[in-house]
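So you can see what is in the structure, the chains are spelled out below.
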There are 2 protein chains.
Amino acid sequence: MNIDMIEDAAARLKGKARRTPLLSSPFLDEIAGRRVLVKPECLQHTGSFKFRGAHAAISALPAEMRAKGVLAYSSGNHAQGVALAARMHGIPAVIVMPNDAPAIKLANTRALGAEVVEYDRPGGEDREAIGERLAAERGLTLIRPYDEPQVIAGQGTVGLEIAEQAAECGVSEAEVLVPCGGGGLSAGIALALEARAPAMRVRPVEPAGWDDTRRSLEAGRIEPVPPGAPVSLCDAIVTPAPGRLTFPILKRLAGPGLAVTDEDALRAMAAAFARLKIVAEPGGAVALAAALFRPEAASGETVIAVVSGGNVDAALFIRALERHGSRV
Amino acid sequence: MNIDMIEDAAARLKGKARRTPLLSSPFLDEIAGRRVLVKPECLQHTGSFKFRGAHAAISALPAEMRAKGVLAYSSGNHAQGVALAARMHGIPAVIVMPNDAPAIKLANTRALGAEVVEYDRPGGEDREAIGERLAAERGLTLIRPYDEPQVIAGQGTVGLEIAEQAAECGVSEAEVLVPCGGGGLSAGIALALEARAPAMRVRPVEPAGWDDTRRSLEAGRIEPVPPGAPVSLCDAIVTPAPGRLTFPILKRLAGPGLAVTDEDALRAMAAAFARLKIVAEPGGAVALAAALFRPEAASGETVIAVVSGGNVDAALFIRALERHGSRV
C-alpha cells in the first residue's frame, strides 16, 4: 500500500465518484471550541464513502475476471457501493446481507440491481463462509469491505480531497476524526495524509462497546470486541476487530482512538441536520460527535470530522431530532 | 444587469461562498422518468443561497458607505445571509424580521451577530417603511432581498456553477427549476444561463396560491397575489409579487412558471432526505417537488432542480418524514 495506489484510484474515480465539499458552521465551531471542518461522505453516491472503495476495487480487476461478476458481504453501505459500482461496469453483483440490516439498506441494494442473499446474523450464520462458497460456485470475485488493498486505496481518495480542501481553507495541521469499523476508511485516509498533509493525523472513532480499534491501538496488537458487547445503533461500524491489512497501517499512522455513546451519535445527527443541512446515520456521525462533544480528547486549532454515511431510516432520524433537535 | 456583473460577483465570492456540488440519485431519476440533477444551496453558508447575494451586495459597496453598516428586512434566509456577510466584512447589520418567522431563523440571525428588530407581520406593520426609517436614522445601507442588481448578480453565481457542473456531466440542454419568491435567484440564474448555457431555460416554481410569478409571466405584466391567499408552509418564498427589476428579466428569459402544493413540498423534503441526504425546507423544496411529482410539466431528457434552502425547524422536518418518509 502506498500513495501511488491511492492516486491511481483517484484517477479511476474521476468523474465517477463525487468530490464532496468541506462544510463548516460557526455554530459548530462554538460547540467544539475550535474550528470544525466536516467532510460529508453521506453526499457520496449511494449515501456513503463505500462507493469509492467498491469502484476502485472493481475498476482495478482484470477485465475477464471482472466480467464474471463480483460478490460482497456487508451490513449495508458496502453492499450499496458494490451494487452501484458493478452496475456502472455492467457486471453482476451478488450481496450477502444480514436479515436484520436496516430495511432501507436491503431495499436500496436490490433496487441498485444486485442479487441479495440474506443470512441469519442473529442465528449465528457466518457471512464469510457463505460469501466464499458463492464466489467459488459462480466464479465471482469477492470484494472485501476493508481488508483489500484496492478498497483501502479507494477510501484513501477521501484523504486526498481533505488535504487539498483543507489547504484551500489555510489548514495544514489538524486531527482528522474518522468513523471506524474495520478500518478501511481510516487507513486509506491515514496513508493519503502521510503523503499529502503530514501534519494531519487520523483519530479513529468507534461506538462505545465496539471500540476494538481504540483498544488494539492502545495494546499494540489486535484486540477483538469481547463476546456480549451491547447492541449499538451504529450498525455501519460494528465490526468485531480491525483488519489484518488495516491495523498495521493504523498502528503506524493513527490514533489514539476514541469512543462515543449512541446518544452522542444521535446528538451529532441533530447538529448536522440543524447546522450543516446534511443527513448522517448514527455510525456516520460518531466522528462529528467526538469533535463536538469530546473536545478535550482532541487538540489543535482545527479539527476535521468525516461524516461517513447517511443511510438511516426515517424513524431513527426522527428519534434523533425528537431527542436533540431543539438543543443544538 | 449583464453577465459581467455576475462574473465580477463570482470573483468577489471566490473562497467566501461555498461551491455546492451537483447531486443525483438513480432513485430520483426513476420517480421523475428523466435524469434529475440537484443543486443543493441548502449546503451554502447560512443554509441558503441568500448568502451569495448578500455578500455580493455588501462587497460591492464603497468602503466608506459599507463601514456604517447595512440593514435588511427578511422573513429569514436573507437575514442570515446579510448577517454573516456583514460579520465577514466586520460591519454592523440590523435586520427587520417578522415576529412570526420560524424560531430557528430569528435565533440564528441574532447568533450571527446581527441586531434583530421584530415587526408585527400578522398585525399588518409595513416592513419596508420600518426598514427605510432605520436606514435613514443610522446611515445604514439597505440590502434589498431581490430587487437590487448586486444581489441578483450574486444569486446568478448559482447559474454559473450549474452551467459548468452540468457540462461536466455532459448536459448542455435542460429546464432549470428554481424556487421563486421575489425572483432574485431565478433572474440571476436566467442571466447566467443566457450567457453560459443558452440551451437551458429557467422555470420558476412557487407554492400554490402564491404563484404570482407564474400568473405574471402568463399575463405579461406583474400580477400580485390577491388578498386572502392561503397560509403556506413555504415561508421563504411567499412574496406578494415579482420584483420591478426581476420581472422584466424573467419575462424575457424564463417560464412558464409552475406551482406545487405544500404537501408535495413535504414529499420532496422526504425524498431529498432519503435519496440525497440533504435537508431542504419547504420553500427550498418546491422545485424538486415539481421535478419529481409534476414530470408532465417539464420536458427534455434532463431536469435540473435548485434546492434553495434548508432552514427548517425539527418539528416540521419530522412532519415531512412522518407523512412521506417511508414512501419515497
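The rules we used
Residues numbered from 1 in each chain as written. Chains lettered and ligands numbered in written order. Predicted model: local features only at pLDDT ≥ 70, side-chain atom pairs only at ≥ 80, totals over all residues. Heavy atoms only, no water. Core = buried A, V, L, I, M, F, W, Y, C linked by side-chain atoms within 4.5 Å. Buried < 20%, exposed > 50% of the residue type's maximum accessible area, 1.4 Å probe, protein only. Contact = heavy atoms within 4.5 Å. Helix = DSSP H or I, 4+ residues; strand = E, 2+ residues; numbered from the N terminus. Right-handed = clockwise from strand over helix to strand, strands pointing away. Pairing = 2+ DSSP bridges. Domains from an automatic or database assignment. Buried area = accessible area lost by both parts, 1.4 Å probe. Salt bridge = Lys/Arg side-chain N within 4 Å of Asp/Glu carboxyl O. Nonpolar A, V, L, I, M, F, W, Y, C, P; charged D, E, K, R; others polar. Least-squares fit on C-alpha atoms with pLDDT ≥ 70 in both. Axes fitted to C-alpha atoms, helices over the stretch in contact; angles between N-to-C directions.

**Re the nonpolar core**
One broad trend across soluble globular proteins is that nonpolar side chains are buried collectively. Counting 92 residues, the largest nonpolar core has A:Phe317 and B:Phe317 as the members making the most contacts within it. Ignoring anything within four residues of it in the chain, the contact list for A:Phe317 reads A:Met269, A:Phe273, A:Val279, A:Ala280, A:Val312, B:Phe273, B:Phe317 and B:Leu321. Residues A:Ala174, A:Val176, A:Phe247 and A:Val306 belong to the second largest nonpolar core, which totals 37 residues.

**Digging into the pairing of strand E6 (residues 174–179) of chain B**
Residues and elements named next belong to chain B. Most of E6 is tucked away, with six of its six residues classed as buried. Considered for its hand, the β-α-β crossover made up of E6, helix H9 (residues 184–196) and strand E7 (residues 200–207) is right-handed. As defined by bridge partners, E6 adjoins strand E9 (residues 302–307) across three bridges and the pair is classed as parallel. Bridge pairing in E9 places leucine 177 opposite alanine 305.

**A short note on the domain arrangement of chain A**
Residue and element names in this part refer to chain A. Here the domain parsing of chain A yields domain 1 (3–49 + 149–324) and domain 2 (50–142). Taking the mean C-alpha position of each, domain 1 and domain 2 sit 23 Å from one another. On the domain 2 side, the residues contacting the 27 residues of domain 1 number 20 residues. Of the roughly 1900 Å² buried between domain 1 and domain 2, counting both surfaces, carbon and sulfur atoms make up 55%. Remark: the boundary between domain 1 and domain 2 carries two salt bridges. Between arginine 52 and glutamate 41 there is a salt bridge; the shortest N-O distance is 2.6 Å. Counting only elements with at least two residues in the side of domain 1 that touches domain 2, the list comes to helix H1 (3–13) and helix H8 (149–168). Of the residues forming the side of domain 1 that touches domain 2, the biggest block, seven residues, is contributed by H8. Split into classes, the residues belonging to the side of domain 1 that touches domain 2 amount to eight nonpolar, 10 polar and nine charged.

**Re the relation of the copies chain A and chain B**
Look at the two chain copies: a rotation about an axis and a shift along it is all it takes to match them. Between chain A and chain B, the superposition needs a rotation of 180° and an axial shift of 0.0 Å, giving an RMSD of 0.0 Å. Such a combination of rotation and displacement between the chain copies is what one expects of a two-fold axis. Nearest to the rotation axis, the C-alpha of A:Ile278 is located 2.3 Å from it, this being the minimum over chain A. In this assembly the copies share their binding face: 97% of the residues contributing to the interface of chain A also contribute to that of chain B.

**A closer look at the sheet that holds strand E2 (residues 70–73) of chain B**
All names here are of chain B. An order of E4-E3-E2-E5 is seen for the four strands of this open sheet, with the pairing classed as parallel. In this open sheet, the two strands that pair with only one neighbour each are strand E4 (115–119) and strand E5 (141–142). Strand direction decides the pairing type here: E2 and strand E3 (residues 93–98), joined by four bridges, are parallel. Paired with valine 70 across the bridge in E3 is alanine 93. In the packing of helix H5 (residues 77–89) onto the sheet, the strands contacted are E2 and E3, and the crossing angle to E3 comes to about 170°.

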